[in-house]
Amino acid sequence: MNEYIISKQVGKTLFEKIWNKHVVKTINGGPSVLYIDKHFIHEVTSPQAFNGLKKRGLGVLRPQQVIATADHNVPTINQHLPIKEELSRKQVEQLISNCANFGIELYGLGHPYQGIVHVIGPELGITQPGTTIVCGDSHTSTHGAFGAIAFGIGTSEVEMVLATQCLLQTRPKLMRINIEGNLNKGVVSKDIVLYIISKISASGATGYFVEYAGSAIRALSMEARMTICNMSIEMGARGGFIAPDETTFNYLKGRKFAPQSHEWDKQVAAWKELYTDQDAVFDKELFIDASEIEPMITYGTNPGMGIPVSGHIPSLNEVVDEDKSSFEKSLYYMGLQPGISLIGKKVDYVFIGSCTNSRIEDLRMVAAFVKGRKKSGDVEVWVVPGSKQVEQQAIEEGIDKIFSDAGFQLRQPGCSACLGMNEDKIPAGKYCISTSNRNFEGRQGPQARTLLASPLTAAVAAITGQVADVRDYL
Amino acid sequence: MMKKNINTIISTAVPLTVENVDTDQIIPARFLKGTTREGFGKNLFRDWRYKDDDDQKPRADFVLNNPAFSGRILVAAKNFGCGSSREHAAWALKDYGFDVVVSSFFADIFSNNALNNFLLPVLVSDSFLKLIFELIQNNPSEKLEVNLEKQIIRISSTGGEESFEINTYKKACLINGYDDIDYLLSLRNEIEEFEKARV
């Protein structure tokens, strides 16, 4: 990997083109007032924002630009029954009443469009190129896969957008990550993003928005692109995006809220103008050869602590002095030793889901691998689809049958064990191979130990009961 | 809401030397079920503070449980506040009693959330951070002085100081107790004009 730091500005980046079109005004020496096209909300980070509006006697300025769903807190079994956990139920009920009182469309439990907020936006065609999108959730960067400026915000900012459809934002620095060449067998988009983060660290892109470019990115499907943009925040970036192309247009065409008939052609013509000029210059650029990338797995407690599955955890003398105490603390939590290989490490749980990897292509990838195979006896395998539509599609394609034959549980949509806000928690001390985005201490439950990986690497762990190199099974 | 204007803060400080503190550590997801902004301080750093998820079992080795350290200033190692966008992290720190977090590197969303809650993130150099850690650990009664108006953080006993950056707009908001939302609401006409011009 080579790295260049450049400072001069010439042509325009895609980011600047979109940003400039959304600036209402700029405060002298301060931030810009940025207009927001679409605002997604969910039950956990919105109640205090609505309370703020009520306290100030304000309404929602553009309720038709706000889309709500219940995802973080919802159970993933028996969704037709009342939510058992009282505080979770109250949050979901408050979302229902806030949406009703403020005139916001809610795709709540029981609705055919319900699901993880970053899965439903794209699949409904709400997420579109050239737009600004926010949500009180750091993985809002997912929507950048369509060539949108999409980023996570805090609850005070949710309140601002509800009240004014605007936010005060300072323009971030820009980084481009170019990935050229062909991916190796068994390597998928999750491996690309885990590889990038392992190279630049969990804070390597803090202060930046990242544009992903290059032939390896162009070759990816929309869902694979979403996985990469989703984890931009895990390298510290506020957001990540990919210029729209035919793959983007083909994905969007015919979706529920995508432009229809003659409006479609007009929009596609405008979307085709959304690219970074050849002479545009970034604050920072990285170049990665796709053929360097192997199936990846994390061993530590931040997403930057990743290695090729075939590799080994760094030994102590490979870690620089100033990082040693964090490294040792992390390995102590994980119950792992420096210098070892993870191959053969026994796992207790496999979680296939989250806004990173719960789309139909992820489920198809796993199903194609496990068809005719059975899970290892003592491993618990949860597959949690990203939305009701993904769940329905999986059933129509017979994927549910493949999973049940393999001993996998296909559950109902939600964020689930990615963050363990509902009952789906990994018990203390247990190891979980997870297709989610964070391996922080306690993320999947108090004292739970998370190994992040691709759906394929998770699938092979489900079958063998241990960490394995999926390339040996293809 | 726990909002008030801030300007000069002189206080002892609590040193948290762990790097890459993510917001899941500051406040774990299972404690995000509140629907108001209050009361998150009791679960601040919950799983580092208590054993077995039991608030009757404090971990003696965690700095918040060390009676030697207290104050309105948290001094934290680099990349503080990474991960989830949960504003509950800022609410928990503020509710616990912190008005300032000092670090050599902050995650973006955390910084915004902190500023929106009148919790001042003070960005210092690696060497200054190292110096403060050493001083506080050697002498927990060491005081720090944070002067927002002058944008200076100073060590009371030695007079060693460093200036810090903050954008002028946010600085004015903090000193005067203004919200972004007050400002944005005042732009209603301009926002509507902007919308019309785009169609």
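Throughout this document, residue positions are counted from 1 along each chain, in the order its sequence is written. As they are written, the chains are lettered A onward and the ligands numbered 1 onward, keeping that order. Under the rules for a predicted model, residues below a pLDDT of 70 receive no local features and side-chain atom pairs below 80 are neither given nor counted, while totals for whole chains, interfaces and linings still include all residues. Processing note: side-chain calculations cover all non-hydrogen atoms of the structure and skip hydrogens and water entirely.

1. Some words on the overall build of chain A
A count of helices and strands for chain A gives 15 helices and 20 strands. What you see for chain A is a C-alpha radius of gyration of 22 Å, in line with the 23 Å of a compact globule of 474 residues. Counting only C-alpha atoms, chain A reaches 55 × 55 × 45 Å along its principal axes. The buried label applies to any residue whose accessible area, calculated with a 1.4 Å probe on protein chains only, is under 20% of its type's maximum; exposed applies above 50%, and partly exposed to all values in between. Within the span of chain A, comprising 474 residues, buried residues form 65% of the whole. Contact criterion: two residues are considered in contact whenever any of their non-hydrogen atoms come within 4.5 Å of each other. Taking the contacts inside chain A whose residues are at least 6 apart along the sequence as the reference set, 77% of them involve residues at least 24 apart. Methods summary: accessible areas were calculated by the Shrake-Rupley approach with a probe of 1.4 Å, and residue burial reflects only the protein chains presented. About 16000 Å² of surface is accessible on chain A, with carbon and sulfur atoms providing 50% of the total. Put simply, chain A has 47 plus and 50 minus side-chain charges, and the middle of one group is 3 Å from the middle of the other. Strands are runs of DSSP state E lasting at least two residues, helices are runs of H or I lasting at least four, and both sets are numbered from the N terminus onward. As defined in this context, the radius of gyration uses C-alpha atoms, and a globule is described by 2.2 Å times the residue total to the power 0.38. The sign given to each residue is positive for Lys and Arg and negative for Asp and Glu; His and the chain ends receive no count. We put the charge of a Lys on NZ, of an Arg on CZ, of an Asp on CG and of a Glu on CD.

2. A short note on the overall build of chain B
From N to C terminus, chain B includes 8 helices and 7 strands. Radius of gyration (C-alpha) of chain B: 18 Å, near the 16 Å computed for a compact globule of 199 residues. Structurally, chain B occupies a C-alpha span of about 60 × 40 × 25 Å along its principal axes. Counting over 199 residues, chain B shows a buried share of 56%. The long-range share in chain B, meaning contacts at least 24 apart out of those at least 6 apart in sequence, stands at 64%. Split by element, the accessible area of chain B, about 8100 Å² in all, is 48% carbon and sulfur. Each charge sign in chain B was given a centre, from 24 positive and 29 negative side chains, and these centres are 4 Å apart.

3. Re unusual backbone geometry
Residues other than glycine seldom take positive phi values, yet Gln165 of chain A does so here, at roughly 60°. Judged by relative accessible area, which is 0%, Gln165 of chain A ranks as buried. Even without being glycine, Asp52 of chain B reaches a positive phi, approximately 50°. Within the secondary structure, Asp52 of chain B sits in the loop between α2 (46–49) and β2 (73–76). Exposure remark for Asp52 of chain B: the relative accessible area of 58% places this residue in the exposed category.

4. Re the domain arrangement of chain A
Residues and elements named next belong to chain A. According to the domain assignment, chain A contains domain 1 (14–169), domain 2 (173–292) and domain 3 (298–472). Note that the domain bounds reflect an automated or database-derived domain assignment. Here the C-alpha centre of domain 2 lies 22 Å away from the C-alpha centre of domain 1. The interface is formed by 32 residues belonging to domain 1 together with 32 residues belonging to domain 2. Reported buried area values correspond to the accessible surface (1.4 Å probe) lost by two parts on association, with both partners' losses combined. With both sides pooled, the region where domain 1 packs onto domain 2 buries about 2500 Å², and carbon together with sulfur makes up 63% of that total. Definition used for salt bridges: Asp or Glu carboxyl oxygen within 4 Å of a side-chain nitrogen of Lys or Arg. Where domain 1 packs against domain 2, one counts 1 salt bridge. Where Lys17 meets Asp277, a salt bridge forms, and the shortest distance between an N and an O atom there is 2.9 Å. Polar contact is defined as a pair of N or O atoms within 3.5 Å, subject to the rule that within protein one atom must be able to donate a hydrogen and the other to accept it, and that residues adjacent in sequence are counted only when both atoms are side-chain atoms. In this structure, the connection of domain 1 to domain 2 is made through 15 residue pairs in polar contact (both at pLDDT 80 or more).

5. What to know about the pattern of salt bridges
All names here are of chain A. Counted under the stated rule, the structure contains 44 salt bridges over all chains. Among the ionic pairs, Lys272 bridges to Glu246, the shortest N-O distance being 3.7 Å. Separated by 26 residues along the polypeptide, Lys272 in the loop between α10 (261–271) and β13 (284–289) and Glu246 in helix α9 (residues 246–252) bring together distant segments of the chain. Given the relative accessible area of 45%, Lys272 is considered partly exposed.

6. Overview of the packing of helix α3 (residues 88–96) of chain B against helix α4 (residues 108–115) of chain B
Residues and elements named next belong to chain B. Contact geometry of α3 with α4 gives a least axis separation of 8 Å together with a crossing angle of 50°. Relative to α4, the element α3 is oriented oblique. Every pair of crossing elements has a handedness; the one defined by α3 and α4 is right-handed. Across the interface between the two elements, Ala89, Ala90 and Leu93 of α3 pack against Phe110, Asn113 and Ala114 of α4. Looking at the contact of α3 with α4, its residues break down into 5 nonpolar, 1 polar and no charged. As a rule, the C-alpha atoms of each element are fitted with a line to give its axis, helices using only the stretch in contact, and angles between N-to-C directions run from 0 to 180 degrees. For classification, angles of less than 35 degrees are called roughly parallel, those exceeding 145 degrees roughly antiparallel, those between 65 and 115 degrees roughly perpendicular, and all remaining angles oblique. Crossing handedness follows the turn of the near helix against the far one: under a right angle anticlockwise gives a left-handed crossing, and clockwise gives a right-handed one. For this classification, the nonpolar set comprises Ala, Val, Leu, Ile, Met, Phe, Trp, Tyr, Cys and Pro, the charged set comprises Asp, Glu, Lys and Arg, and every other residue, Gly included, is treated as polar.

7. Some words on helix α6 (residues 168–176) of chain B
What sets the pattern is the α-helix's 3.6 residues per turn: residues three or four places apart point alike. Of the positions making up α6 of chain B, those classed as buried are Tyr169, Lys170, Lys171, Cys173, Leu174 and Ile175 of chain B. Looking at the buried positions of α6 of chain B, the neighbouring elements they touch are β9 (166–169) of chain A together with α4, β4 (120–123) and α7 (180–185) of chain B. Two or three places before Tyr169 of chain B, at the opening of α6 of chain B, Asn167 of chain B has a side-chain oxygen 3.1 Å from that residue's backbone nitrogen.

8. Some details on the nonpolar core
Remark: nonpolar core denotes a set of buried residues (Ala, Val, Leu, Ile, Met, Phe, Trp, Tyr, Cys) joined through side-chain atoms within 4.5 Å. Residues Phe45, Phe80 and Leu93 of chain B are the most contacted members of the largest nonpolar core, which totals 113 residues. Top element by residues in this core is helix α15 (residues 455–464) of chain A. It accounts for 7 residues. The two domains that each donate at least three residues to this core are domain 1 (14–169) and domain 3 (298–472) of chain A. Apart from the residues within four sequence positions on either side, Phe45 of chain B is in contact with Leu16, Val21, Gln25, Ile26, Phe62, Leu64, Leu74, Phe80 and Leu93 of chain B. Ile41, Val74 and Ile192 of chain A together with Leu184 of chain B belong to the second largest nonpolar core, which has 95 residues in total.

9. Notes on the sheet that holds strand β2 (residues 23–26) of chain A
Spatially, 3 strands are ordered β2-β3-β9 (chain A) in an open sheet, and the strand pairing comes out antiparallel. Sheet topology places β2 and β9 of chain A at the edges, where each strand pairs with a single neighbour. This sheet shows a mean twist of 20° between the axes of neighbouring strands, independent of strand direction. For two strands to count as paired, DSSP must find a minimum of two bridges between them. Pairing of β2 of chain A with strand β3 (residues 32–35) of chain A, which is carried by 3 bridges, proceeds in the antiparallel orientation. Residue pairing for β3 of chain A: Thr26 of chain A is matched across the bridge by Ser32 of chain A. Lying over the sheet, helix α8 (residues 188–198) of chain B contacts β2, β3 and β9 of chain A, oriented at roughly 135° with respect to β2 of chain A.

10. Points about the interface of chain B and chain A
Across the contact, 55 residues belong to chain B and 70 residues belong to chain A. Surface buried jointly by chain B and chain A totals about 4900 Å² across both partners, of which 55% is contributed by carbon and sulfur atoms. Of the charged contacts in the structure, one is a salt bridge between Glu85 of chain A and Lys33 of chain B, with a shortest N-O distance of 3.0 Å. On inspection of chain B and its partner chain A, the count reaches 28 residue pairs in polar contact (both at pLDDT 80 or more). The set of elements that each furnish at least two residues to the side of chain B that touches chain A consists of α1 (23–26), α3, α4, α6, α7 and α8 of chain B. The element contributing the most residues to the side of chain B that touches chain A is α8 of chain B, with 7 residues. When grouped by side-chain class, the residues that make up the side of chain B that touches chain A number 19 nonpolar, 16 polar and 20 charged.

11. What about helix α13 (residues 388–396) of chain A?
Residues and elements named next belong to chain A. Here α13 has its buried residues at Val390, Glu391 and Ala394. Projected onto a plane normal to the axis of α13, the buried residues spread over an arc of 100° and lie on a single side. At its buried positions, α13 is contacted by α4 (117–123), α12 (360–370) and α14 (399–406). The residue sitting at the N-terminus of α13 and contributing the capping side-chain oxygen is Ser387; that oxygen lies 3.3 Å from the backbone nitrogen of Gln389. This arc describes the spread of directions from the helix axis toward the C-beta atoms.

12. Section: the packing of α12 of chain A against α15 of chain A
Residue and element names in this part refer to chain A. The geometry of α12 relative to α15 is characterised by a closest axis approach of 9 Å and an angle of 35° between their N-to-C directions. With respect to the hand of their crossing, α12 and α15 are arranged in right-handed fashion. Between α12 and α15, the residues in contact are Asp362, Met365, Val366, Phe369 and Val370 and Pro455, Leu456, Ala459, Val460 and Ile463, respectively. Residues of the contact of α12 with α15, tallied by class, amount to 9 nonpolar, no polar and 1 charged.

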